[in-house]
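Commentary on secondary and tertiary structure
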Amino acid sequence: MEGLKHLIDYGIIGLLIALSLWAVAVATERWFFFRRVDVKRFHSEQEFEVALTKRLVVIGTVAANAPYIGLLGTVLGIMLTFHSMGTSGTMAVQSIMVGLSLALKATAVGLLVAIPCVVLNNVLRRRVTELLTQFKVQHGT
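The paragraphs below set out a description of the structure included in this document. Please read all numbers here as calculations on a predicted model, not as lab measurements.

Attention shifts here to the overall build of the chain. Helix and strand content of the chain: four helices and zero strands. Along the chain, from the amino end to the carboxyl end, the secondary structure elements read α-α-α-α. The C-alpha atoms of the chain give 22 Å as radius of gyration, which overshoots the globular expectation for 141 residues (14 Å, by more than 25%). Of all 141 residues assigned to the chain, the portion counted as buried reaches 33%. Contacts in the chain between residues at least 24 apart in sequence constitute 86% of all its contacts with a sequence separation of at least 6. Taking the average place of the 13 positive charges on the side chains of the chain and the average place of its 8 negative ones, the gap between the two points comes to 4 Å.

Below you can see the structure in the form of structure tokens.
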């Protein structure tokens, strides 16, 4: 049972950390792209918008799903805690509280991943809007 506990802890939290690193990598790449993008290189607004929004869906998807992944870890941790209590035959309040508090850390990590991703997504999408406006002004549309 201890192996399952570690799998839940490290698997869920590891997945959340990997997703957050992926989102930060995409955000960094997009920011550098926005800084050096040449508006004149694009012939249509649609082509420009596609180039600007490339991979932004990754950040939005991580932001939207990280809390659910964390919640899944919490639910699995709670299930494991109750299963351990049931099979051991003990109802020690201390073991229940420790098990539940450890299970809740997955939800906390999920929120810690989601909130910055929401902010990154909003900042980058705002920059997309600014660049599209610049394109319209330069092309007279």
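On we go from here.
Here Thr81 is to be found in helix H3 (residues 56-88). In contact with Thr81, not counting residues within four places along its chain, are Ser95, Ile96, Gly99 and Leu100.

Turning our eyes to something else, we now look at the packing of aromatic side chains. Two numbers describe a pair of aromatic rings. These are the distance of the centres and the angle of the planes. For the structure shown, the criterion picks out three aromatic pairs. Seen from their ring centres, Phe48 and Phe135 are 5.3 Å apart, and the 25° between their planes marks the pair as stacked. Of the two residues, Phe48 is situated in helix H2 (residues 45-53) and Phe135 in helix H4 (residues 93-139); the sequence distance between them amounts to 87 residues. Through a chain of ring-to-ring contacts, the aromatic side chains of Phe42, Phe48 and Phe135 assemble into a single cluster.

What follows covers unusual backbone geometry. Notably, Arg55 is not glycine yet its phi reads approximately 70°, a positive angle. With respect to the element layout, Arg55 can be found in the loop between H2 and H3.

In a regular helix each residue adds 1.5 Å, so 47 residues correspond to 69 Å; H4 covers 69 Å between its end C-alpha atoms and thus fits that length. Phi turns positive one or two residues past the end of H4, at Gly140, with a value near 65°.

In this section: the nonpolar core. Judged by nonpolar contacts, the single largest core of 32 residues is most densely connected at Phe34, Phe48, Leu52, Ile59 and Cys117. Among the secondary structure elements, those contributing two or more residues to this core are helix H1 (2-36), H2, H3 and H4. Filtering out sequence-adjacent residues up to four positions away, Phe34 remains in contact with Leu52, Leu124, Arg127, Val128 and Leu131.

Take the pattern of salt bridges next. For the structure on display, the rule yields five salt bridges. Here Glu29 and Arg55 are joined by a salt bridge, their closest N and O atoms 3.0 Å apart. Taken together, the positions of Glu29 in helix H1 and Arg55 in the loop between H2 and H3 put the pair 26 residues apart, joining distant regions of the chain. Assessed through its relative accessible area of 26%, Glu29 is described here as partly exposed. Several salt bridges share partner residues, and in doing so they unite Glu29, Arg30 and Arg55 into one network.

Nonpolar side chains collect at one region of the surface, where Trp31, Leu111, Ile115, Val119 and Val123 lie side by side and expose about 450 Å² of accessible area between them. Considering each element in turn, the nonpolar patch owes the most residues, four residues, to H4. Mapping Val123 onto the fold places it in helix H4.

Quick look at the packing of H1 against H2 now. Look at H1 against H2: their axes get within 9 Å of each other, and the N-to-C directions meet at 140°. Compared by their axis directions, H1 and H2 come out oblique. Touching Arg30, Phe33 and Phe34 of H1 are Ala51, Leu52 and Thr53, all from H2. Of the residues contributing to the contact of H1 with H2, the split by class is four nonpolar, one polar and one charged.

Rules of the game
- Residues numbered from 1 in each chain as written.
- Predicted model: local features only at pLDDT ≥ 70, side-chain atom pairs only at ≥ 80, totals over all residues.
- Heavy atoms only, no water.
- Helix = DSSP H or I, 4+ residues; strand = E, 2+ residues; numbered from the N terminus.
- Rg over C-alpha atoms; globule rule 2.2 N^0.38 Å.
- Buried < 20%, exposed > 50% of the residue type's maximum accessible area, 1.4 Å probe, protein only.
- Contact = heavy atoms within 4.5 Å.
- Lys, Arg positive; Asp, Glu negative; His and termini not counted.
- Charge placed at Lys NZ, Arg CZ, Asp CG, Glu CD.
- Phe/Tyr/Trp six-rings, centres within 6.5 Å; stacked < 30°, edge-to-face > 60°.
- Expected span 1.5 Å × (residues − 1).
- Core = buried A, V, L, I, M, F, W, Y, C linked by side-chain atoms within 4.5 Å.
- Salt bridge = Lys/Arg side-chain N within 4 Å of Asp/Glu carboxyl O.
- Patch = residues over 30% accessible without salt bridge, like charges linked within 9 Å, V, L, I, M, F, W, Y side chains within 5 Å.
- Areas by Shrake-Rupley, 256 points an atom, 1.4 Å probe, with all protein chains shown as cover.
- Axes fitted to C-alpha atoms, helices over the stretch in contact; angles between N-to-C directions.
- Parallel < 35°, antiparallel > 145°, perpendicular 65-115°, else oblique.
- Nonpolar A, V, L, I, M, F, W, Y, C, P; charged D, E, K, R; others polar.

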